[in-house]
Amino acid sequence: MKPVIALTKGRLEKQFIQFLKERNYDVNPLLDKGRKLQVETDDFFAIFAKGTDVATYVEYGIADLGVVGEDILLEVQPDVFDLLPFPFGKCRFAIAGEPSNLTPLKKQRIATKYPNITTKYFRDQGKSVDIVKLEGSVELAPLLGLADDIVDIVETGNTLKENGLVVKEEMLTISARLIANRNSLKLKRSILTPLIDSFRVEEAII
Ligand code: PRP
Ligand code: MG
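Residues numbered from 1 in each chain as written. Chains lettered and ligands numbered in written order. Predicted model: local features only at pLDDT ≥ 70, side-chain atom pairs only at ≥ 80, totals over all residues. Heavy atoms only, no water.

Let us now look at the nonpolar core. Core analysis: the largest hydrophobic core is formed by 27 residues, its most contacted members being Phe16, Leu30, Phe86 and Phe199. Contributions of two or more residues to this core are made by strand S1 (4-8), helix H1 (11-22), strand S3 (45-49), strand S4 (65-69), strand S11 (176-180) and helix H9 (189-198). Top contributing element to this core by residue count: H1, with five residues. Setting aside residues up to four positions removed in sequence, leucine 30 forms contacts with Ile17, Leu20, Val39, Thr41, Phe44, Ala46 and Phe48. Counting residues in each nonpolar core, the second largest holds 13 residues, with Ile47, Val54, Ala63 and Ile179 among its members. (Core = buried A, V, L, I, M, F, W, Y, C linked by side-chain atoms within 4.5 Å. Buried < 20%, exposed > 50% of the residue type's maximum accessible area, 1.4 Å probe, protein only. Helix = DSSP H or I, 4+ residues; strand = E, 2+ residues; numbered from the N terminus. Contact = heavy atoms within 4.5 Å.)

Take the sheet that holds strand S9 (residues 149-154) next. As a general point, the strands of a sheet are linked pairwise by backbone hydrogen bonds and lie either parallel or antiparallel. What the five strands build is an open sheet, ordered S8-S7-S9-S6-S10; its pairing is mixed. Either end of the sheet is taken by a strand with one partner, and the two such strands are strand S8 (130-133) and strand S10 (166-174). Each neighbouring strand pair of the sheet contributes to a mean axis angle of 25°, computed without reference to strand direction. In the sheet, strand S6 (residues 91-97) pairs with S9 via six bridges, with the strands oriented antiparallel. Note that in S9 the partner of isoleucine 95 across the bridge is valine 151. (Pairing = 2+ DSSP bridges. Axes fitted to C-alpha atoms, helices over the stretch in contact; angles between N-to-C directions.)

Attention shifts here to the pattern of salt bridges. All chains considered together, the criterion is met by 14 salt bridges. Ionic pairing is found between lysine 2 and glutamate 40, a salt bridge with its closest N-O pair at 2.7 Å. With a gap of 38 residues between them, lysine 2 in the segment before S1 and glutamate 40 in strand S2 (residues 38-40) connect regions that are remote in the sequence. Residue glutamate 13 is joined to lysine 33 by a salt bridge in which the shortest nitrogen-to-oxygen separation is 3.7 Å. Here glutamate 13 is found in helix H1, whereas its partner lysine 33 is found in the loop between helix H2 (28-31) and S2, with 20 residues between them in sequence. Of the two residues, glutamate 13 and lysine 33, neither departs from the other in class, the shared state being buried. (Salt bridge = Lys/Arg side-chain N within 4 Å of Asp/Glu carboxyl O.)

This paragraph deals with the site of ligand 1. Neighbouring residues of ligand 1: 13 residues in total, closest Glu139, Asp152, Thr156, Gly157 and Thr159. One nitrogen or oxygen atom from the side chain of arginine 11 is found 2.8 Å from an oxygen atom belonging to ligand 1. At a separation of 2.5 Å, an oxygen atom of ligand 1 approaches a polar side-chain atom of threonine 156. For ligand 1, whose free accessible area comes to 500 Å², the fraction covered by protein is 72%. Across the shell around ligand 1, the residue classes break down as two nonpolar, six polar and five charged. (Near = heavy atom within 4 Å. Polar contact = N/O pair within 3.5 Å; in protein donor to acceptor, adjacent residues only side chain to side chain. Areas by Shrake-Rupley, 256 points an atom, 1.4 Å probe, with all protein chains shown as cover. Nonpolar A, V, L, I, M, F, W, Y, C, P; charged D, E, K, R; others polar.)

As structure tokens, this is what we get:
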């Protein structure tokens, strides 16, 4: 029996496939999948889903393992085992907005895909803000007057730059993570361990 891994579609999927390639896995079935959402490789079954759904498939035990951004884990707090960090998907959470826009005297309005992380961050600073929840393209919000600033992840910084926005405050850094279903870890230990061990990366000690 092969393990089932849920992969986050898009950027993380591409970076994970590259990571597998560097570890001599045969990634051709993943590269040749076309629009298919389930693929079998020599080593595992892969399913492709959006990040929050990756966490759900792992929590419910449909997938044994998942590759997901830490942003999802912090925002959704799924009941999964957070196994290890990957050396890719590295981003910063930041407050960003228009360069000229001063912090308003009235209650600040923040647009974000991450209402829980945002609320907690400002609450820890003793600030109360109004949050507008968006599903994507949050950079539009300050440009169109929907919000004063945004809270979002920044990877290359290109999206901010190309939309004339700047980072105003760095919040925290995150990466992609390997998560596991709690029961799978106990019941399928023998088939999961070799895979999990091959994903461990020794951080260089400086
Ligand atoms: C993410 C994130 C930023 C951008 C950061 O958006 O929300 O907008 O990527 O990456 P960058 O710093 O390399 O430009 P995504 O492209 O996933 O789309 P969405 O926000 O519409 O979901
Ligand atoms: Mg975006």
